[in-house]
Amino acid sequence: MEICAHLVFFFLWGGILLSCHFNLLNLSNHLFSPPYINNSVDRGANTYCHWFQPMAASGVRHGLTGQVQNMMMKFNRSTNDVEFDFDGKMLTKGETDGSSFPNGGLRATHTAGGYLALDTSSPIFLRGDTVFIPSAFVSYYGAALDEKTPLLRSNAALSKHGKRLLKHLGLDIGDKDVVSNIGLEQEFFLVPRDQYYRRPDLQMAGRTIMGKDAPRGQEMCDHYMAPPSLANPALAAMQEMQDECWRLGIPLKTRHREVAPNQYEFAPLYGYNTTQVDQNIMVMQIIEEVAARHGMAALLQEKPFNDVNGSGKHNNWSIATEDGTMMLHPAKINAATGNPRAFAVIMSAIIAAVNEHGDLMRMAIASPGNDFRLGACEAPPAIVSTYLGDDMTFYLQHFKDGKGDGEYVPSTKTLDLGTHEVLPFEVPAEDRNRTSPFPYGGARFEFRAVGSSQNVSMVNTVLNTIVAEKFAEFADAIDGGKDVDELARETLNENWKVIFNGNNYDEEVQKELTDRGIWRIDSGVEAIATLTAKKNTDLFSKMNVLTKEECESRQHILHDHYTGTVDMEAKCMVDMINQHIIPSVKAAGVGPLSDLEASIGTLKSAIAEIHAAEDSYKAAQLSRVLRLETMIDIRAICDAAEEVVPADLWTLATYKELMFLDSHTTVPAEADTQFYDE
């Protein structure tokens with residue numbers, strides 16, 4: 001009880017801890033003093049849960065987490081008084097029934113236990129009456145049944161081999177770790193809730209599987225970063241979302257409108273990766289819950305609407321020593337190591353990792369919704385290259401060719417607007433490349449292709465693991481007598497093709513990159529299948545991140561997740577055609593009635609074929625054809641019907657009614673939300 005009460009106190013009075021990395025075992029003994037024992041109870045806590053992240057939750061599970069909430073109470077059998085029932089053993093370990101969580105063959109019904117262990121890298125927090133204990137979730141034999149366990153293992157691999165390489169570069173950090181920090185931008189849509197209830201596809205599948213374009217979309221780019229309107233409930237909802245997150249110690253620093261109508265974005269402060277993943281999952285849950293209180297529905301799927309931008313979750317990834325030396329910041333890492341070429345060596349390892357394991361990077365962002373986003377002028381194409389900018393590329397090219405061994409010093413330039421009202425100002429050496437899947441952005445890489453509904457644990461597991469492997473290979477070679485600069489030069493020469501600084505949206509460029517042999521996997525289903533390629537199972541096994549069996553199970557689960565998503569969407573389409581579109585067409589006496597009736601049989605036959613598939617991979621392949629070919633053709637028939645049926649006979653909410661809060665909703669005059677404990 002003392003441990004729990006103190007940790008909750010520690011969190012409540014120091015919300016900034018949520019962006020820090022700390023270890024429970026290193027907390028000083030004096031912090032467990034009596035004044036703090038009952039703090040969690042004083043603040044309303046009477047319940048606790050181990051809070052974990054089962055696989056295949058993205059896009060379907062509210063909050064993306066699992067939990068069983070237990071009251072912290074028992075009866076004293078001598079006095080019959082109610083007493084606390086919570087101690088350190090309850091904090092550090094839990095057990096639950098793992099039988100109904102996706103497992104991919106890692107456990108059977110007769111071995112259904114799921115075991116929960118406190119993750120000390122992500123602080124415990126209090127929400128309402130419940131203390132949430134971030135936890136890993138594994139089988140009886142220690143196999144990972146969750147998203148977090150592989151991420152924690154990849155953190156260990158990155159630290160182990162990052163420290164080895166740093167020591168060779170001139171920086172011995174002793175017992176400190178090399179850590180991975182991330183910042184996650186979260187995009188989402190807000191739609192009127194009354195219209196949401198008129199869309200079975202949005203309610204059941206999170207996206208519109210049919211719907212004629214409204215006369216206005218994003219043709220004028222008028223929504224992007226426009227002022228949040230006081231005339232609709234979106235701003236008040238976002239303010240309340242920020243307020244509720246702030247109370248949990250989650251600082252949402254940025255809010256703004258995004259490109260598509262009704263699309264918005266939050267961005268937090270960056271921090272340690274497991275903490276930031278946990279925070280992002282809670283942010284997504286809060287977005288959904290608060291939106292409902294304001295008469296709206298939040299859509300977190302990647303592509304809820306056709307022909308306007310979908311939503312992503314840019315994963316800004318960096319690495320640093322535990323005490324703050326940024327390894328992707330040229331001046332800081334070179335100064336800390338006393339080695340003017342340390343940055344070039346680290347970059348060469350990362351470039352090699354991207355070139356060799358672009359298939360795994362593509363696998364990590366293969367969420368069902370990303371099928372509709374990648375390469376659609378709203379997200380990078382499914383071709384994994386990296387953008388470094390002309391400045392750094394010039395430096396590394398000279399370094400690899402042996403023409404220079406000095407330090408990389410990014411240049412700046414001055415913009416003079418030719419007016420005395422605005423003084424000349426400096427801009428960075430490199431512009432932004434929004435078309436690259438993995439651009440360098442000054443001390444970090446931004447993985448731009450990540451989907452908005454995803455738990456990004458696998459994304460960061462992959463980034464950590466592929467870089468850890470290269471750090472290990474470098475350290476091994478240097479241990480064997482290889483010159484570190486020569487090793488970096490050879491590595492750059494072998495992997496130079498993956499660097500591309502141009503326009504990735506250009507189809508000619510895409511052909512050029514494909515011809516270079518850069519990883520290109522257009523199908524998310526096929527990308528998932530690369531998880532069990534021998535080079536990838538060997539990688540994860542060598543780095544002690546995932547066993548071969550765990551890789552096989554995750555591939556199976558991801559394919560089932562894709563198939564299940566399509567199954568729900570196809571069944572929604574059948575219901576909507578039968579219950580809405582055909583009756584509307586009959587009532588109006590116009591529209592493609594025979595084509596609509598024929599489409600029902602087509603959909604049912606395709607669903608039956610998927611259900612009869614011999615394995616999860618084949619089922620996912622059939623699902624992809626149904627979703628991206630058959631259902632798109634049938635959608636065109638449905639949209640043609642909507643185009644001719646009079647509005648008073650059309651029973652489904654239209655894009656016009658769903659997508660324009662500014663012109664379709666108002667904030668009640670009496671609305672006056674109070675925030676921040678006024």
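Relevant structure appears above.
Residues numbered from 1 in each chain as written. Predicted model: local features only at pLDDT ≥ 70, side-chain atom pairs only at ≥ 80, totals over all residues. Heavy atoms only, no water.

Enquirer: Can you break down helix H4 (residues 148-169) residue by residue, with the values?
Expert: One full turn of an α-helix is made of 3.6 residues, so residues set three or four places apart face in the same direction. Across its 22 residues, H4 extends 31 Å between first and last C-alpha, which sits within 8% of the 32 Å expected from 1.5 Å per residue. Once H4 ends, the next one or two residues include glycine 170, with phi positive near 115°. (Helix = DSSP H or I, 4+ residues; strand = E, 2+ residues; numbered from the N terminus. Expected span 1.5 Å × (residues − 1).)

Enquirer: Give a detailed account of the packing of aromatic side chains, specifying residues and quantitative values.
Expert: One pass over the full model with this rule turns up 20 aromatic pairs. Measuring from ring centre to ring centre gives 6.5 Å for tryptophan 51 and phenylalanine 132, while their planes differ by 80°; the resulting arrangement is edge-to-face. Of this pair, tryptophan 51 sits in strand S1 (residues 47-51) while phenylalanine 132 sits in strand S8 (residues 130-138), and the two are 81 residues apart along the sequence. When the centroid spacing of 5.2 Å and the interplanar angle of 85° are considered together, the rings of phenylalanine 305 and tyrosine 655 count as edge-to-face. Of this pair, phenylalanine 305 sits in the loop between strand S14 (296-299) and strand S15 (315-321) while tyrosine 655 is found in helix H21 (residues 655-658), placing the two residues 350 residues apart along the sequence. We classify phenylalanine 305 as buried; its relative accessible area is 1%. A connected cluster of aromatic rings, assembled from ring pairs, spans Phe343, Tyr395, Phe399, Tyr408, Phe438, Tyr440, Phe445 and Phe447. Its end group placed over the ring of tryptophan 496, lysine 400 keeps NZ or CZ at 4.9 Å from the ring centre. Here arginine 489 stacks its cationic end above the ring of phenylalanine 399, 4.6 Å away from the centre of that ring. (Phe/Tyr/Trp six-rings, centres within 6.5 Å; stacked < 30°, edge-to-face > 60°. Buried < 20%, exposed > 50% of the residue type's maximum accessible area, 1.4 Å probe, protein only. Lys NZ or Arg CZ within 6 Å of the ring centre and 35° of its normal.)

Enquirer: Hey, could you go over the sheet that holds S15 for me, with residue numbers and the actual values?
Expert: Strands sit in the order S13-S9-S15-S20 across an open sheet of 4 strands; the sheet is antiparallel. Both edges of this open sheet fall to strand S13 (271-272) and strand S20 (445-447), since each of them pairs with a single strand only. Sheet topology note: the strand S9 (residues 178-184)/S15 ladder contains 7 bridges and is antiparallel. Bridge pairing in S15 links leucine 184 to asparagine 315. Its contacts with the sheet put helix H13 (residues 457-479) on S9, S15 and S20, and the angle it makes with S15 is roughly 40°. (Pairing = 2+ DSSP bridges. Contact = heavy atoms within 4.5 Å. Axes fitted to C-alpha atoms, helices over the stretch in contact; angles between N-to-C directions.)

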